[in-house]
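Residue-level structure breakdown
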Amino acid sequence: MTSPLRLGIAGIGTVGVGVIRIVQRHADMLTARSGRPVTISAVSARARNKDRGVRLGDYAWEDDPVTLAGRDDVDVFVELVGGDTGPAKDAVEAALKAGKDVVTANKALLAHHGQALAELAEANGAVIRFEAAVAGGIPCIKALGEGLSGNEITRVMGVMNGTCNYILTRMESAGLAYDTVFQEASDLGYLEADPTLDVGGIDAGHKLALLASLAFGCQVDFDGVALEGIERIAIDDINHAADMGFRVKLLGVAQMTGRGLEARMSPCLVPASSPLGQLEGATNMVVLEGDSVGQVVLRGAGAGEGPTASAVMGDVMDIARGIRLPTFGRPAASLAKPKRADANVPAPFYLRMVLTDKPGALAKIASCLGEAGISIDRMRQYDHAAGSAPVLIVTHKAMRQSLDSAIAAMSGTGVLESDPVALRIEDV
Ligand SMILES: NC(=O)C1=CN([C@@H]2O[C@H](COP(=O)(O)OP(=O)(O)OC[C@H]3O[C@@H](n4cnc5c(N)ncnc54)[C@H](OP(=O)(O)O)[C@@H]3O)[C@@H](O)[C@H]2O)C=CC1
Ligand SMILES: N[C@@H](CCO)C(=O)O
């Protein structure tokens, strides 16, 4: 029989346990599909005696993931610890230096160190696979890197943080305030240990940076992703959007423009009738656009034990079958640093603000927009509360930079009671 592919799994939390369950449950099927058995030699985590609800007795134990990565009986190092520094990074580097292939779900690690790790892998004849790092169970890396590799990719988009989509859709369906739903998400265990990673758009930004590298053949450039979180979205924004036929989504968009690579992760208004607009709960959606294929929409679970382990195992199976592709779709040395777009493609914007209710207040705001070259499409004062006037404005297409300078000018008028909320209306 062909020699087995032997895994060393570092991290036996949610995802690691899911991977072990698949290997144990589907041993015969995996062998039949890949032509060789897939086995586990050793595992590593912090707490050796913790009951993880899965059989571990057949596997060697290592306290240190770096030692695990260097074991002679490990062909593929499966990194499911997490974090962009510390044991995850040290162990992945050790595995690659030893010429071992790496499968990881760690978007933070690759968003920050993807280029260096891809170079290290190639220098040592190893491969890195990371399907689980972007949109959990959705095989979007494989779709982009393989199925669509005959296309020039024109745009990639996605709702890639389930927690944020849960919060935004639950606010709308239950009419609840952000803080209330944030607490619900926390009680349900959805939030990362540091919730800013979710609601600040950072986790989804990591994922977008990885997709953009594959899509546009450039180095991973997480610092080039313009990030904005959902913390300032109020139930008023959700309701106004719904009145106009839109939904608010934390949307990632990456596209190559004449000005360079535009990559942003921010709350946007999308048509309620679009596939993205209809995405409910903690589900993810990735939209890929190519010059020959047109638009491809992938929808599925972006997190959780089963879906994420499914993606990890897809990568393991490719390695078992002998499929060896460069980390970001082409040799690392050929990936150039992307030129960052100095301005975004223009779009209409939604603006909500609270003004001091006094004569001329609205005129001052309108003139700030006019002086920045921004034309107003719709404007209304929608409520009144003791001296304050909430106002909603929808602009014609404008550059975000122009809008930001208009908002900066507004803050000098003395009529703003709080910083305006500005949301791009995205053409999806
Ligand atoms: N959970 C999900 O739905 C998804 C997760 N991911 C990514 O997958 C990776 C794993 O996530 P998840 O399974 O949720 O994380 P968990 O927190 O559930 O598990 C992390 C595991 O790593 C172990 N660990 C932590 N520090 C060390 C260390 N210093 N040495 C050895 N082991 C260590 C922990 O040990 P112990 O159990 O003993 O504490 C635990 O087993 C992360 O990169 C995450 O971003 C990606 C997509 C979805
Ligand atoms: N915190 C992430 C987990 C999956 O990466 C989410 O909510 O989507």
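Remember, predicted model here, so these are calculated numbers, not experimental data. (Residues numbered from 1 in each chain as written. Chains lettered and ligands numbered in written order. Predicted model: local features only at pLDDT ≥ 70, side-chain atom pairs only at ≥ 80, totals over all residues.)

1. What about the site of ligand 2?
Around ligand 2, the neighbouring residues are G136, N161, G162, T163, Y190, E192, D198, D203, G302 and A303. Each residue belonging to the shell around ligand 2 can be placed in one class, and the counts come to 2 nonpolar, 5 polar and 3 charged. (Near = placed C-beta within 6 Å. Nonpolar A, V, L, I, M, F, W, Y, C, P; charged D, E, K, R; others polar.)

2. Quick word on the domain arrangement of the protein chain
Many authors give the size of an interface as the accessible area that is lost as the parts come together. Taken domain by domain, the protein chain holds domain 1 (5–133), domain 2 (140–301) and domain 3 (349–425). Its C-alpha centre places domain 1 at a distance of 51 Å from the equivalent point of domain 3. (Domains from an automatic or database assignment.)

3. A word on the UniProt feature "active site" (unreviewed entry) in the protein chain
Mapped onto this numbering, the UniProt entry annotates "active site" (unreviewed entry) at K207. In this fold, K207 is placed in helix α10 (residues 202–216). The buried category is assigned to K207, around which 28 C-beta atoms lie within 10 Å. In contact with K207, not counting residues within four places along its chain, are K107, A133, V134, A135 and M160. (UniProt positions renumbered as here; feature names shortened; annotations may be inferred. Helix = DSSP H or I, 4+ residues; strand = E, 2+ residues; numbered from the N terminus. Buried ≥ 20, exposed ≤ 12 C-beta atoms within 10 Å, placed from the backbone. Contact = placed C-beta atoms within 7 Å.)

4. Some thoughts on the pairing of strand β11 (residues 283–290)
Extensive coverage of β11 is indicated by the burial of 6 of its 8 residues. Pairing analysis gives 6 bridges linking strand β7 (residues 153–159) to β11, with the strands arranged antiparallel. For V159, the partnering residue across the bridge sits in β11 and is M285. Two elements, β11 and strand β12 (residues 294–301), share 8 bridges in a ladder whose sense is antiparallel. Paired with M285 across the bridge in β12 is R299. (Pairing = 2+ DSSP bridges.)

5. Overview of the sheet that holds strand β6 (residues 128–129)
Reading across from one edge, β3-β2-β1-β4-β5-β6 is the order of the 6 strands in this open sheet, with parallel pairing throughout. Each having just a single partner strand, β3 (60–62) and β6 make up the two edges of the open sheet. Pairing of strand β1 (residues 5–10) with strand β4 (residues 76–79), which is carried by 4 bridges, proceeds in the parallel orientation. Along β4, the bridge assignment pairs L7 with V76. Its contacts with the sheet put helix α4 (residues 87–97) on β1, β4 and β5 (101–104), and the angle it makes with β4 is roughly 165 degrees. (Axes fitted to C-alpha atoms, helices over the stretch in contact; angles between N-to-C directions.)

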